[in-house]
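Analysis of the macromolecular model
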Amino acid sequence: FYVKASYQEKKLEARIGLLQSAVDEYNKAKNEFAAKVTEEEMRLLRFQRRLEEEKGECLLGFSLHDTISTLLSLGLHKHAEQLYKEFRVPDKRYWWLKLTALAEKEDWEELEKF
Amino acid sequence: MAAHLSYGRVNLNILREAARKELREFLDKCAGSKAIVWDEYLTGPFGLIAQYSLLKEHEVEKMFTLKGGRVPPADVKNIIFFVRPRLELMDIIAENVISEEKLPAPREAHILFVPRRSLLCEQRLKEQGVLNSFTNIDEYILDLIPYDGDLLSMESESAFRECYLENDQTSLFHTAKGLMTLQALYGTIPQIFGKGECARHVANMMLRMKREFAGSQNQILPVFDTLLLLDRNVDLLTPLATQLTYEGLIDEIYGITNGYVKLPPEKFAQKKPGEGGKDLPTEPKKLQLNSAEELYAEIRDKNFNAVGAALSKKAKIISAAFEERHNAKTVGEIKNFVSQLPHMQAARSSLANHTSVAELIKDITTSESFFDNLTVEQEFMTGVDTDKINTYIEDCIAQKDPLIKILRLVCMQSVCNNGLKQKVLDYYKREILQTYGYEHILTLNNLEKVGLLKPQTTTRNNYPTIRKTLKLWMEDANEQNPNDISYVYSGYAPLSVRLTQVLARPGWRSIEEVLKMLPGPHFEERQQLPSGLHKKRKGPVSNMYHFEFAGQQGENRTTLVFFLGGVTYAEIAALRFLSQMEDGGTEYIIATTKLINGTSWVKSLMDRPEAQIL
């Protein structure tokens, strides 16, 4: 658990490294759930960075939920869809998200399609 | 000023006086004018012991808050640091002292550790090379702070976290010490009961300390008959539930700290007609809450649904009293009326204040989300569908409601189901992490460690058994004229208080089975009284110093209930209710490490790393 101090690390690369060692520790401790979730976290961080480079939007450090809702409000539906599938977000929550995000943007057309 | 402390069965003012005396002695040790530099956290609790005026009498001329850099200039001879023994604070002090020494005329420095000096901290000061700069290094033992006529608290924020999460028993040591101080002032407590791991520790420490002082017999007639030590983790459920007493709700919604609450000012604005009503005061309204205020003492422990009626009744009485003046004919009658005016006016303004507060709370309690939340809580407590994923919690997460609210609900479900199925638990955890961020895995881990969240290990859920044996759920809780403690949560009777009640009558032997289901050992100890006191106890109570109303109390017993790890206002209300029951025969004084509510409690268990990525 001490490895989780990785949050103090500001550089992304170093942070992913530390998270990887956290995963190793979790595996040693047979804490499957924590290991899996931490891997997920690393995936999300990488995804956020890639998107940041492509679109120039600041996403790093957001939770998955916030990331998706930002993507939706930016109109990047494909990316949002991708996250939704990749991280197996429950349908119910995704719809809530999509509804609020679209309604806030008053993007009724997209809402209609959906 | 502190009159509310001496009304109760036990005169807690004695404790306060003892604390004040010690403070005065220390202040007089540093001759000449002085400035106090405060550890900010301590100012609240200190306010309950000594007002500024007392400090002023002892040549305290300035007060500052502890921060880096140097102590602001002030024309005083001494600087006194009032601090908790924390390493990070030592560094700040060292910085202060070093810059002080560069001045042409350095002031004398002193440190007062609250509640205890620590070798580690002194070592740190030594490393910084400033230990010898202090003229006085002392400790000010402030363990139990009197809050109200029947309430003591140590105000140690992290006690629960330290005991159950970090396995740090310092606060238990302070508790034991505090109880020894209490016994020195109020006599040895003959009977000690306890339930839980920490309770056992505290009792052991007390007995050991007693043996160490075996030479000096305490000749004071005991005020307390029984001490009951309860671990918070024996009853994890109660603090998670939303409190429904007036005081409890004020705490749930606005948070009461050190007897004060800060409220949004809008409702109180109209009371200052001079300001022309244009610019509303932006400062939050600060209100002191204790039983010195007659009206508040009356309504604080009522179920909120009964507060409105009580307030309107009071309003009628007051306006009737004001009407009296028309009937006053003779000079004597008028004089009588005038002499009552200040009292009546105070009553009127306190009524106005509490009506506003009640309106504020009502806005919230009548809202849909509050009601939905309460419904789910009550379903859990009655054991409805606690083994499935709850749709309300799901919806709340999807809408990203405050995390603490979610955690309280999930923990509650876990406690009521004696752990959640692995699948359900993982689902919740995943939802929380995805929505609120992966960093909360630390918090979730903490909650699991203290037992608030857990995977189900056996298929047997013993919560329903506990609930039935202890009658934790009362279908027909009477909120207006309560006949059972379950009124404080509109149906749910706090487990901790039920245990206390059963202990008084018929005794714990009757619930042996249930006690075994709850965590930690239960035990009973007796402390020998000096032989001279045995006879006196049975005879008429002669020590009027302690028993102000001894004559009327008859055979009543007094029990001190100590909650290790915190107590909620609703539990206090329930105990007060028991004290007032006519056939109860027992009065309760309450002591705790910290006054808590579900929110502040869960918050103390959270870990929040500052996430920043470049």
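Residues numbered from 1 in each chain as written. Chains lettered and ligands numbered in written order. Predicted model: local features only at pLDDT ≥ 70, side-chain atom pairs only at ≥ 80, totals over all residues. Heavy atoms only, no water.

1. Comments concerning the overall build of chain B
Spelled out, the test is: Secondary structure elements are taken from DSSP: a helix is a run of H or I of four residues or more, a strand is a run of E of two residues or more, and numbering for both begins at the N terminus. Whether a residue is buried, partly exposed or exposed follows from its accessible area with a 1.4 Å probe, protein chains only, as a fraction of its type maximum: under 20%, in between, or over 50%, in that order. Contacts are assigned to residue pairs that have any heavy atoms within 4.5 Å of one another. Reported accessibility uses the Shrake-Rupley method at a 1.4 Å probe radius. Residues are deemed covered only where the shown protein chains occlude them.
Counting secondary structure elements, chain B contains 25 helices and 15 strands. Looking at the 614 residues of chain B, the share that counts as buried comes to 56%. Counted over contacts in chain B with a minimum sequence separation of 6, partners at least 24 positions apart contribute 80%. When the accessible area of chain B is evaluated, it comes to approximately 27,700 Å², of which 52% is carbon and sulfur surface.

2. Overview of the environment of B:D39
Residue and element names in this part refer to chain B. The test is simple: Throughout this description, a polar contact denotes any pair of N or O atoms lying within 3.5 Å of each other; where both atoms belong to protein, one of them has to be capable of donating a hydrogen while the other can accept it, and for residues adjacent in sequence the pair is counted only when both atoms sit in side chains.
As for its placement among the helices and strands, D39 is situated in the loop between β1 (34–38) and α2 (40–47). C-alpha separation for the pair D39 and D387, spaced 348 residues apart in sequence, amounts to 47 Å. Beyond its immediate sequence surroundings of up to four residues, D39 is in contact with L66, F82, V83, R84 and L89. In this structure the side chain of D39 is engaged in a polar contact, spanning 2.8 Å, whose partner is the side chain of R84.

3. Focus: the pattern of salt bridges
Residues and elements named next belong to chain B. Keep this limit in mind: By definition here, a salt bridge exists when the distance from a side-chain nitrogen of Lys or Arg to a carboxyl oxygen of Asp or Glu is within 4 Å.
Counted by the stated rule, this structure contains 22 salt bridges over all chains. Of the charged contacts in the structure, one is a salt bridge between R124 and D91, with a shortest N-O distance of 2.9 Å. Here R124 is found in helix α5 (residues 119–127), whereas its partner D91 is found in helix α4 (residues 87–101), with 33 residues between them in sequence. Looking at R124, the relative accessible area reads 26%, which means it is partly exposed. Looking at D91, the relative accessible area reads 25%, which means it is partly exposed. For K594, the salt bridge identified is with E155, shortest N-O distance 2.9 Å. Of this pair, K594 sits in the loop between β15 (586–592) and α25 (598–604) while E155 sits in the loop between β7 (151–153) and α6 (159–165), and the two are 439 residues apart along the sequence. The two residues K594 and E155 agree in class, both being buried. A network of salt bridges, in which partner residues are shared, links D148, D150, E247, R300, D301 and R576.

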